[in-house]
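Overview (structure and organization)
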Amino acid sequence: MNTAGHSEATERRGLELTPFRGLRYDPERVGSLAAVTSPPYDVVVRPDGLHHLQSADPHNIVRLILPQADTPSARNEQAADTLRRWLAEGILTTDPEPALYVYEQRDGDGMLQRGVIGALRVSDPSDGVVLPHEDVMPPVVADRAALMRATRANLEPLLLTYHGNGAAAEVVERTAEQPPLLATTTEDGFHHSLWAVTDPADVALIQSDLAHHQALIADGHHRWATYRELRTEHPSPSPWDHGLVLLVDTARYPLRVRAIHRLLHGLPVAQALAALEGRFRVQHLAAPLPKALEALADATCTGNAFLLAGDGAFHLIDRPDPDLLARTIPEDRPAAWRSLDATVLHATLLEHVWNVPEDSPAHIAYIHDTAATVAKAERDGGTAVLMHPVREDVVRDLARQGVTMPRKSTSFGPKPASGLVLRALEF
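Just so it is clear, the structure is predicted and the values come from calculations on it, not from any experiment.

Of all the residues in helix H7 (residues 167–175), the buried ones are Ala168, Ala169, Val171, Val172 and Thr175. Down the axis of H7, the buried side of the element spans an arc of 160 degrees, and every buried residue falls inside it. Tucked inside the fold, the buried residues of H7 contact strand S4 (100–106), strand S5 (112–121), strand S8 (158–162), strand S10 (191–197), helix H8 (200–210) and strand S12 (242–249).

Right, dumping it as structure tokens:
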């Protein structure tokens, strides 16, 4: 039987979002809700950002998502002990009934984003329900999996997008007209609000609408891969069949797309530039960072371009040698993938020109903040490679073809704050 043009097969293959009993901070037991939140684990810039958050409040969520100890096993054990202690002390409490949670973010520039947080059934890319667009690094997946095993919890939601503009969006907007469950403003100027959706009719409307849609992973590829790995370790049915996500309808709330930059440790700018001779055009820019980024944006309109920094100046590199690209970029991918800046960076520059292993944290770091990337390169004597963001429609088109982009190719946002609602799996 068909309903609104969707077959039963489509309904079976759609998004399955389930309410859960959220684990939340008791506002009366912490200094402030803002002081216990954090950006997602991979956005916290170490060590400055981590130390700042740890000192903001003794119960900041970074003590769970980025525990600090001498060995990985000790870190994970510490996080598990901390979570158990906070539960016993009432720092974290479990909501009385299962709910889906409407989550809103606002900033001072008029940006508004709303979505639904819930437990999403874990699926494989071949199912065509949740579409990845980036490759993952196995060591990071192993690290996140070990932490989730130890804590038996989903500590922060992934960010997924879908294009709906249907009943779920209507429930979200109607719910946001009510007084929120919690509200706080973090130091970055974002105002966060959370509502619990417990009415069975509203939950059913959201679930029925989402059942017709597929989602794109906007942020959290490694955590989604972790969910998939942990699901295979526990016989179904189990709580590990689902993972904590935030679903945003980009038909109503388009995301911002930003680049993720690279910091190449141990590669001075002079050495990086010397290796480019005869391979890329190099222009030295006597300009501040905003103007240099404008030059980068202009250059990407006609081809691949990057901005190098770390020696107190900016260097625009573009117009790669076509023969070099032909020799270094795989031919068995769509043209849109072969022409990506991230593809050229990883396949051509990192692998063949600079000989930088992309899987080694000792050689490369991935940083979201542009100014922080430049500052760290200048301080450490490395090379910052600044990127221009990829358009969301390009990302989604490649994902639908089953083609993954090079890792850390995009940064969608705003990202959900960690620490507003957690999901305990087994206690």
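That was the structure; now back to the text.
Moving on, we come to the sheet that holds strand S16 (residues 305–309). Spatially, S15-S17-S16-S19-S14-S18 is the arrangement adopted by the six strands of the open sheet, whose pairing is antiparallel. Edge positions in the sheet fall to strand S15 (281–285) and strand S18 (364–367), since each of these pairs with one other strand and no more. When the angles between neighbouring strand axes are averaged without regard to direction, this sheet yields 25 degrees. The sheet contact formed by S16 and strand S19 (residues 383–386) spans three bridges and is antiparallel.

So, on to the side chain of Glu156. Tracing the backbone through its elements, the reader meets Glu156 in the loop between strand S7 (153–154) and S8. A polar side-chain atom of Glu156 sits 3.3 Å from the main-chain amide nitrogen of Tyr41. Here the side chain of Glu156 touches Ser418 through a polar contact of 2.4 Å, side chain to side chain. Excluding residues within four positions of it along the chain, Glu156 makes contact with Pro39, Pro40, Tyr41, Ile65, Arg144, Arg223, Tyr227, Leu244 and Ser418.

Looking now at the pattern of salt bridges. Applying the stated rule across the entire model yields 19 salt bridges. Of the charged contacts, one joins Arg223 and Asp219 as a salt bridge, the two residues approaching to 3.2 Å between their closest N and O atoms. Summarising the burial analysis for this pair, Arg223 and Asp219 share the class buried. Salt bridges sharing common partners tie together Glu104, Arg106 and Arg114.

Along the chain, Thr343 turns up in helix H14 (residues 341–353). You can call Thr343 buried: its relative accessible area is 1%. In contact with Thr343, other than residues within four places in its own chain, are Ile329, Trp337, Arg338, Thr348 and Pro406.

Cut-offs applied
- Residues numbered from 1 in each chain as written.
- Predicted model: local features only at pLDDT ≥ 70, side-chain atom pairs only at ≥ 80, totals over all residues.
- Heavy atoms only, no water.
- Buried < 20%, exposed > 50% of the residue type's maximum accessible area, 1.4 Å probe, protein only.
- Helix = DSSP H or I, 4+ residues; strand = E, 2+ residues; numbered from the N terminus.
- Arc of directions from axis to C-beta.
- Contact = heavy atoms within 4.5 Å.
- Pairing = 2+ DSSP bridges.
- Axes fitted to C-alpha atoms, helices over the stretch in contact; angles between N-to-C directions.
- Polar contact = N/O pair within 3.5 Å; in protein donor to acceptor, adjacent residues only side chain to side chain.
- Salt bridge = Lys/Arg side-chain N within 4 Å of Asp/Glu carboxyl O.

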